[in-house]
Amino acid sequence: MPVQQTQGEDLLETVRSRGILNCGVYGAAVAFSETQPDGSTTGFDADYCRALAITILGDADAVNFVALTSAERFLALQTGVIDVLVRNTTWTQSRDSELALDFAPVTFYDGQQLMGRASDGFTSESTVADVAGAVVCATAGTTTEQNMADAADAAGITISLQTFEDLDIITQNFIAGACDAMTTDGSGLVGRRARQQGDQEWVIFPALPFSKEPLAPVYPPNQSAFGDIVNWTVYATIIFDEKGITSANVDDLLSSGQLDAEAIRLLGGEGELQSAMGLRPDAFYQVVSQIGNYDEIYSRHLEPVGLRRAGTPNARWSEGGLIYAPPAR
């Protein structure tokens, strides 16, 4: 079990003294964090937990994955059960203010959609209005639930909104026919369709999501040193992606003398800033060499289930997307 921290402690020093990073994940989010039969955790979010363990502790395996439901996640962070939450969590004003939590940079831009059965007449061209009178299932106590209610009101329709604790239960009810449609972030629907649709044909709609869901890691407030490290671990993977620095070529590029000054700094060379953050100079070099850059993490986990990057907000800023990092200088 994770050891809880005491309010007011320096979280960075607490994690280092403990020697383990307690990272909150979902554990059942296809391609983002999935608990495997052997107890290991894989996925996009899981790799960012490992990247943080490398940055802070120098060891990708020095992470304890804590599987949390939507209802549990924020309390676990507020009470110190976990050090950081990397669990498909939307950055919102109320979570910033009322929950008094701090968000790291967005790692995945998502948006809420619906999924229905083609046999019920739904197509990829269907709209929110097409679920009028339907039983729509959503996760209780989340932005998903409120977004669906708001979207139905905006479309001038009445639906029967049924809520459940997690997406596993929702999907089971959808498969059984107890839900005419299910709704969550588009990434979650794509993942479930890829793994569970079986003989049915599931369609996702509307084409343009009806909400903005910027997903980002979350950490406790007033933990500046720890927060800076979380932020710049994410930024480092993005900058390496921008520069084409990968796990496969980082050593060759370092020895070639062809890297620019920013890349050299970020990899621990002349002018590095990691030491001033309380890190080893080569902390981000270790991240890219062991875990990879943003595109490698994305392609390894999300592309295989149909979550393309090109042409979406998750593309590089230089290619029309929103994935962008401030300069490392």
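Scroll up to find the structure this text is about.
Residues numbered from 1 in each chain as written. Predicted model: local features only at pLDDT ≥ 70, side-chain atom pairs only at ≥ 80, totals over all residues. Heavy atoms only, no water.

Our next topic: the packing of aromatic side chains. Within the structure shown, the criterion is met by 13 aromatic pairs. An angle of 20° between the planes, with centres 6.1 Å apart, marks the rings of Phe108 and Tyr298 as stacked. One end of the pair, Phe108, is in strand β8 (residues 108-110); the other, Tyr298, is in helix α12 (residues 294-301), with 190 residues separating them in the sequence. For Phe108, a relative accessible area of 3% puts it in the buried group. For the ring pair Tyr219 and Phe226, a centre distance of 6.4 Å and an interplane angle of 75° mean the geometry is edge-to-face. Here the two residues Tyr219 and Phe226 agree in accessibility, since each one is buried. Every member of this aromatic cluster is reached through a ring pair, and the members are Phe32, Phe44, Tyr48, Phe108, Tyr294 and Tyr298. If you follow Arg87 out to its NZ or CZ, it ends over the ring of Tyr26, 4.2 Å from the centre. The ring of Phe174 carries Arg117 above its face, with NZ or CZ at 4.6 Å from the centroid. (Phe/Tyr/Trp six-rings, centres within 6.5 Å; stacked < 30°, edge-to-face > 60°. Helix = DSSP H or I, 4+ residues; strand = E, 2+ residues; numbered from the N terminus. Buried < 20%, exposed > 50% of the residue type's maximum accessible area, 1.4 Å probe, protein only. Lys NZ or Arg CZ within 6 Å of the ring centre and 35° of its normal.)

What follows deals with the sheet that holds strand β12 (residues 181-185). Read from one edge of the open sheet, five strands run β11-β10-β12-β9-β13, paired in mixed fashion. Every interior strand has two partners, whereas the edge strands, β11 (160-164) and β13 (202-205), have only one. Pairs of neighbouring strands in the sheet enclose a mean axial angle of 30°, with direction left out of account. With five bridges joining them, strand β9 (residues 112-117) and β12 adopt antiparallel strand pairing. Bridge pairing links Gly116 to Ala181 in β12. Docked against the sheet, helix α5 (residues 143-155) engages β9, β10 (135-139), β11 and β12, running at close to 75° with respect to β9. Its contacts with the sheet put helix α6 (residues 167-176) on β9, β10, β11, β12 and β13, and the angle it makes with β12 is roughly 155°. (Pairing = 2+ DSSP bridges. Axes fitted to C-alpha atoms, helices over the stretch in contact; angles between N-to-C directions. Contact = heavy atoms within 4.5 Å.)

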